[in-house]
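Chains, contacts and geometry: an overview
One letter stands for each residue in the lines below.
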Amino acid sequence: MELFGYPIETLYLYGLIIGGCLTLIYIVMSDVLEGVFEVLSETFFNPTLILSFLTIFSASGYLLEIMTGMNSWIILVVSALLAFLFVTLLNVFVLIPLSSAEESNTYAIEDLQGRIGKVIISIPADGYGEVLISGNSGNIAKSAVSLENEPIEAGSDILIIDTKDGVLHVTRYEQETFNV
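Residues numbered from 1 in each chain as written. Predicted model: local features only at pLDDT ≥ 70, side-chain atom pairs only at ≥ 80, totals over all residues. Heavy atoms only, no water.

Moving on, we come to the overall build of the chain. Tallying secondary structure elements over the chain gives 4 helices and 7 strands in all. Listing each helix as α and each strand as β along the chain from the N terminus yields β-β-α-α-α-α-β-β-β-β-β. Restricting to contacts in the chain with at least 6 residues of sequence separation, those with at least 24 account for 50%. Roughly 12200 Å² of accessible area belongs to the chain as shown, and the carbon and sulfur atoms make up 62% of that amount. (Helix = DSSP H or I, 4+ residues; strand = E, 2+ residues; numbered from the N terminus. Contact = heavy atoms within 4.5 Å. Areas by Shrake-Rupley, 256 points an atom, 1.4 Å probe, with all protein chains shown as cover.)

Have a look at this one:
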């Protein structure tokens, strides 16, 4: 079958190449282009879904034309149905969950109570120093004062007892070892 003077296989192949290239460009430039498509993607126009549909439609049409002897109109319908099915699955199982997922490294200062840290700037008896709390999501450096108003040297382990006005109230932490 010919369309616009070209064999249909050639049109499917051109569609696959163009769709693949546009998808690659969109992936590379998605942060820049996100603002351009933001208003439209909230309504009906999602570039990811449209480019995915074009690529899957062209690839399945090209493969079916090359590998089967089916009528070109049937291949067109089957390719469109396959592309619609895969794009729907992509949207439901990948894009929607990703858009509603949150990644956050935030913490409440109250969550630091009971944690163990290390003094990085000495804490004087009546002044402020700085402590470093290490965790799985990163390190946190916070201002600290001594709970007992005693100096704590840099490099000492501390235990966070309380938090007031964004300042940690700490005490020296001495881990006991038991000989068995």
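Here the narrative resumes.
To continue, consider the side chain of Ser-72. Along the chain, Ser-72 turns up in helix α4 (residues 72-100). Relative accessible area serves as the criterion here: at 10%, Ser-72 is assigned to the buried category. At a separation of 2.9 Å, a polar atom in the side chain of Ser-72 contacts the side chain of Glu-65. (Buried < 20%, exposed > 50% of the residue type's maximum accessible area, 1.4 Å probe, protein only. Polar contact = N/O pair within 3.5 Å; in protein donor to acceptor, adjacent residues only side chain to side chain.)

A few words on unusual backbone geometry. Non-glycine residue Asn-149 carries a positive phi angle of around 55°. Mapped onto the secondary structure, Asn-149 falls in the loop between β5 (138-146) and β6 (157-164). You will see that Asp-165, though not glycine, has its phi angle at about 55°, which is positive. Mapped onto the elements of the fold, Asp-165 is located in the loop between β6 and β7 (167-172). You can call Asp-165 exposed: its relative accessible area is 81%.

Attention shifts here to the packing of aromatic side chains. The way to describe two aromatic rings as a pair is by their centre distance and the angle between their planes. One pass over the full model with this rule turns up 2 aromatic pairs. Seen from their ring centres, Tyr-12 and Phe-57 are 5.8 Å apart, and the 70° between their planes marks the pair as edge-to-face. Taken as a pair, Tyr-12 in helix α1 (residues 8-28) and Phe-57 in helix α3 (residues 47-67) lie far apart in primary sequence, 45 residues in all. The class of Tyr-12 is buried, set by a relative accessible area of 4%. Aromatic pair Phe-53 and Phe-57: ring centres 6.0 Å apart, planes at 5°, arrangement stacked. Residue Phe-53 and its partner Phe-57 are both found in helix α3; the two are separated by 4 residues, about one turn of the helix. The exposure class assigned to Phe-53 is partly exposed, which follows from its relative accessible area of 31%. Taking relative accessible area as the criterion, Phe-57 reaches 18% and is therefore assigned buried. (Phe/Tyr/Trp six-rings, centres within 6.5 Å; stacked < 30°, edge-to-face > 60°.)

The next subject is the pairing of strand β3 (residues 116-121). Across 3 bridges, β3 lies against β6 in antiparallel orientation. In the strand pairing of β6, Gly-117 is matched with Ile-158. Direction of pairing for β3 relative to strand β4 (residues 129-135): antiparallel, over a ladder of 3 bridges. The partner of Val-119 across the bridge, within β4, is Val-131. (Pairing = 2+ DSSP bridges.)

Here we take up the nonpolar core. One finds Leu-112, Ile-123, Val-131, Ile-158, Ile-160, Leu-168 and Val-170 to be the most contacted residues of the largest nonpolar core, which totals 13 residues. Counting residues per element, the ones that place at least two in this core are β4, β5, β6 and β7. Ile-8, Phe-57, Ile-75 and Ala-83 belong to the second largest nonpolar core, which has 6 residues in total. (Core = buried A, V, L, I, M, F, W, Y, C linked by side-chain atoms within 4.5 Å.)

Turning next to the side chain of Thr-171. One can find Thr-171 in strand β7. Polar side-chain contacts of Thr-171 include one of 2.9 Å to the side chain of Glu-148.

This paragraph deals with the packing of α3 against α4. One can describe the packing of α3 onto α4 by two numbers: an axis separation of 8 Å at closest approach and a directional angle of 145°. Here the hand of the crossing between α3 and α4 comes out right-handed. Looking at the contact of α3 with α4, its residues break down into 16 nonpolar, 7 polar and 1 charged. (Axes fitted to C-alpha atoms, helices over the stretch in contact; angles between N-to-C directions. Left-handed = near helix turned anticlockwise from the far one by under 90°. Nonpolar A, V, L, I, M, F, W, Y, C, P; charged D, E, K, R; others polar.)

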